[in-house]
Amino acid sequence: MNTIRRIVVILLILMLSSMVISAQDDNGSTSPDGCAIDLSSAASLIVQAQAEASAGQGEDAFRTMTLARSVLDDAIERCGGDPNMMQDAMGIVLEETYEAPAGTFGFSYPDGWAFELVETMGSGGIVYIADTPGTLDALTDSDPMLESGEQGAAIIIAGPDDLGAGALEAGSTLDDVIDEFRASIEDSPDDNTLTPTEQFAVNDFPAMRFEIVGENFDGIFIAIDRAESQQFGILLFIVASGELDAARPLVDAIAQSMTFAQ
């Protein structure tokens, strides 16, 4: 069993255990406080993820598991629980939390990571986080060179006209945001390869992502559409070349922790 498949199987076992704990004594109907619980869609997604893992499709299994976790998080939150329990059960514990002074946005990140608030704007801002101060410095480079084990991210919460991209303005859509950032990366002089854009959901909000394979780093670009607050959440997470697979659970956990103005 290769490494990715082994990790997927372990995560599936943890996720199934969490489902059993959440659903016990409910028989798929209601909890003691009367909250309706239906885990059938999550169960179907986990069965699908298991089939993908068994077929050696590790990346597809990770993505399907992310969708299943979103369903479980939503059920837990609707019934008054803490969706972070799922992150704990899967071994992704984000001990640190940042919340903007006005409460306009926030997110969680690993304990001990370096943090820099780069800019605030309107109801959002730009924040850098990284495993070390040295990695944090590398985030300011247009073509960062990361050593094995180094990880960092840029987190942006903003309206379309705050993103600093020429083609974006009030009324721009999630597709517009993705297209603009893809074009910016593709037009750069650096030798980067981008994967096709994929649609998915983060806490039931529409989202898109693509991956970046660079000469000196790999990365994941995620954009989340919060139309009701007229904000986009953007997460650009980078790692050393060839180390993206191991970082996926952490990337997903940070994306799911992002909060926006109500």
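So, a few notes on the structure that sits alongside this text. (Residues numbered from 1 in each chain as written. Predicted model: local features only at pLDDT ≥ 70, side-chain atom pairs only at ≥ 80, totals over all residues. Heavy atoms only, no water.)

This part takes up the sheet that holds strand E1 (residues 96-99). In space, the 3 strands of this open sheet follow the order E1-E2-E11, with antiparallel pairing throughout. At either margin of the open sheet sits one strand with a lone partner, and together these are E1 and strand E11 (259-260). Bridging between strand E2 (residues 105-109) and E11 involves 2 bridges; their strand directions are antiparallel. Within E11, the residue paired with Phe105 across the bridge is Phe260. (Pairing = 2+ DSSP bridges. Helix = DSSP H or I, 4+ residues; strand = E, 2+ residues; numbered from the N terminus.)

One full turn of an α-helix is made of 3.6 residues, so residues set three or four places apart face in the same direction. With 14 residues, helix H7 (residues 244-257) ought to run about 20 Å at 1.5 Å a step, and its terminal C-alpha atoms sit 20 Å apart, in line with that. Helix geometry: H7 is bent most strongly at Leu250, by close to 25°. Burial within H7 is extensive, with 12 of its 14 residues counted as buried. Of all the residues in H7, the buried ones are Leu244, Ala247, Arg248, Pro249, Leu250, Val251, Asp252, Ala253, Ile254, Ala255, Gln256 and Ser257. (Expected span 1.5 Å × (residues − 1). Bend = angle between axes of the 7 residues up to and from the residue. Buried < 20%, exposed > 50% of the residue type's maximum accessible area, 1.4 Å probe, protein only.)

Where a protein is soluble and globular, its nonpolar side chains tend to be buried together. Counting residues in each nonpolar core, the largest one holds 31 residues, and the members touching the most others are Phe107, Ile129, Ile222, Leu235, Phe237, Ile254 and Met258. Elements with a contribution of two residues or more to this core: E2, strand E4 (124-130), strand E5 (151-158), strand E7 (198-202), strand E9 (218-226), strand E10 (231-239) and H7. With 7 residues, the single largest contributor to this core is H7. Contact partners of Ile254, with chain neighbours within four places excluded, come to Leu94, Ser108, Pro110, Ile129, Ile155, Leu235 and Phe237. Formed by 28 residues, the second largest nonpolar core is a distinct cluster that contains Tyr128, Phe210, Ala223 and Phe232. (Core = buried A, V, L, I, M, F, W, Y, C linked by side-chain atoms within 4.5 Å. Contact = heavy atoms within 4.5 Å.)

The residue Val251 is located in helix H7 in this model. Linking Val251 and Ile238, residues 13 residues apart in sequence, is a C-alpha distance of 9.5 Å. Aside from chain neighbours lying at most four places away, what touches Val251 is Ile220, Ile222, Leu235 and Phe237.

This model, assessed by the stated rule, comprises 5 salt bridges. A salt bridge links Glu211 to Arg248, with the shortest nitrogen-to-oxygen separation between them at 2.4 Å. Here the residue Glu211 occupies a position in strand E8 (residues 205-213), and Arg248 occupies one in helix H7, the gap between them amounting to 37 residues. Accessibility assignment for this pair places Glu211 and Arg248 in one class, buried. A salt bridge links Asp245 to Arg248, with the nearest nitrogen and oxygen atoms 2.8 Å apart. With a gap of 3 residues between them, Asp245 and Arg248 both fall in helix H7, about one helical turn apart. For Asp245, a relative accessible area of 24% corresponds to the partly exposed category. Several salt bridges converge on common partners, so that one network encompasses Glu198, Arg209 and Asp252. (Salt bridge = Lys/Arg side-chain N within 4 Å of Asp/Glu carboxyl O.)

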